[in-house]
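Here are the chains, one letter per residue:
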Amino acid sequence: MDLLEAFDRALRSFDGRVRAVPDDRWTAGTPCAQWSVRDVVNHVTAEHLWAPWLLRGATLAEVGDRFDGDVLGPDPVDAWARAADASRPAFHRRGALSGTVHTTGGPTPGQEYAWQMTLDLAVHGWDVARGAGVDAGLDPELAAELHERFAGLIPAWQDAGIFAPAVDVPRDAPAADRLIALTGRRP
């Protein structure tokens, strides 16, 4: 699957889930330890506020703390939509993924950063859906692509505390279940 197609699918899916959150579910818990639905959406929104800056070559110091704390304000759906509306074209800008992006993990190739953001959208979209009580199904083709790309990397991220230890699922489980389990969540 093409990187930008995967990114767009994950972005659309996350967007649909944010828009589907019932008003009374924003404070509900999620499979993402100690985060409510709102916390997860705030995290992803902040990352997508950062993305245009980072894809233009800004350093972490240049971005500073402008996206720390609550970036959602009184209308989380609108805040997310504005962040996504700026982020998507930044990823699609000619040459944006050919450079190096400054991240907390150090200098990262643009394509690797985009795949990480795609994984983040897919997994956290699942978290939001589960917390909000809406359809949590993942695009099977996207899930298979992400599982294949990240199966060898996630164990190191688990060691770093980014993900909980993998959950066992049958080898013939659907790709979405294998991906979610790989990130320490129970499908």
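Refer to the structure presented above.
Just so it is clear, the structure is predicted and the values come from calculations on it, not from any experiment.

Caption draft 1: Highlighting the environment of Arg-9. In this structure, Arg-9 sits in helix H1 (residues 3-20). Considered as a pair, Arg-9 and Val-123 are 114 residues apart in the sequence and their alpha carbons are 13 Å apart. Once residues within four sequence positions are removed from consideration, Arg-9 is found in contact with Met-1, Asp-139, Glu-141 and Leu-142.

Caption draft 2: Layout of the pairing of strand E1 (residues 100-103). Burial along E1 is one-sided: the face carrying Val-101 and Thr-103 is buried and the face carrying Thr-100 and His-102 is not. Inspection of the sheet shows E1 paired to strand E2 (residues 106-109) by 4 bridges, in the antiparallel sense. Bridge pairing in E2 places Thr-103 opposite Gly-106. Following E1, the chain reverses through 2 residues before pairing antiparallel with E2.

Caption draft 3: Fine view of the packing of helix H6 (residues 140-150) against helix H8 (residues 175-182). The geometry of H6 relative to H8 is characterised by a closest axis approach of 8 Å and an angle of 40 degrees between their N-to-C directions. Here H8 runs oblique to H6, going by the angle between their axes. Between H6 and H8 lies a crossing whose hand is left-handed. Packed against H6, whose contacting residues are Pro-140, Ala-143, Ala-144, Leu-146, His-147 and Phe-150, the element H8 presents Ala-175, Ala-176, Arg-178, Leu-179 and Leu-182 at the interface.

Caption draft 4: The arrangement of the nonpolar core in detail. Val-41, Trp-80, Phe-91 and Leu-119 are the most contacted members of the largest nonpolar core, which totals 58 residues. Every element with two or more residues in this core is listed here: H1, helix H2 (37-55), helix H4 (76-92), helix H5 (110-132), H6, helix H7 (154-159) and H8. Looking at this core, the element that brings in the most residues is H5, giving 12 residues.

Caption draft 5: Quick peek at unusual backbone geometry. At Gln-34, a position not held by glycine, the phi torsion is positive, near 65 degrees. When you line up the elements, Gln-34 lands in the loop between H1 and H2.

Caption draft 6: Summary view of the packing of H1 against H5. One way to put it is that H1 packs onto H5 with a least axis distance of 9 Å and a crossing angle of 25 degrees. When the axis of H1 is compared with that of H5, the two are roughly parallel. Note that H1 runs across H5; the crossing there is left-handed. Residues Leu-3, Ala-6, Phe-7, Ala-10, Leu-11, Phe-14 and Arg-17 of H1 pack against Gln-111, Ala-114, Trp-115, Met-117, Thr-118, Leu-121, Ala-122, His-124, Gly-125, Trp-126, Val-128 and Ala-129 of H5. Of the residues in the contact of H1 with H5, the class split is 14 nonpolar, 4 polar and 1 charged.

Caption draft 7: Region of interest: the environment of Ala-10. Its place among the elements puts Ala-10 in helix H1. Residue class for Ala-10 comes out buried when judged on its relative accessible area of 1%. If near-sequence neighbours (up to four positions away) are discounted, Ala-10 is found in contact with Thr-118, Leu-121, Ala-122 and Leu-142.

Criteria and thresholds
- Residues numbered from 1 in each chain as written.
- Predicted model: local features only at pLDDT ≥ 70, side-chain atom pairs only at ≥ 80, totals over all residues.
- Heavy atoms only, no water.
- Helix = DSSP H or I, 4+ residues; strand = E, 2+ residues; numbered from the N terminus.
- Contact = heavy atoms within 4.5 Å.
- Buried < 20%, exposed > 50% of the residue type's maximum accessible area, 1.4 Å probe, protein only.
- Pairing = 2+ DSSP bridges.
- Axes fitted to C-alpha atoms, helices over the stretch in contact; angles between N-to-C directions.
- Parallel < 35°, antiparallel > 145°, perpendicular 65-115°, else oblique.
- Left-handed = near helix turned anticlockwise from the far one by under 90°.
- Core = buried A, V, L, I, M, F, W, Y, C linked by side-chain atoms within 4.5 Å.
- Nonpolar A, V, L, I, M, F, W, Y, C, P; charged D, E, K, R; others polar.

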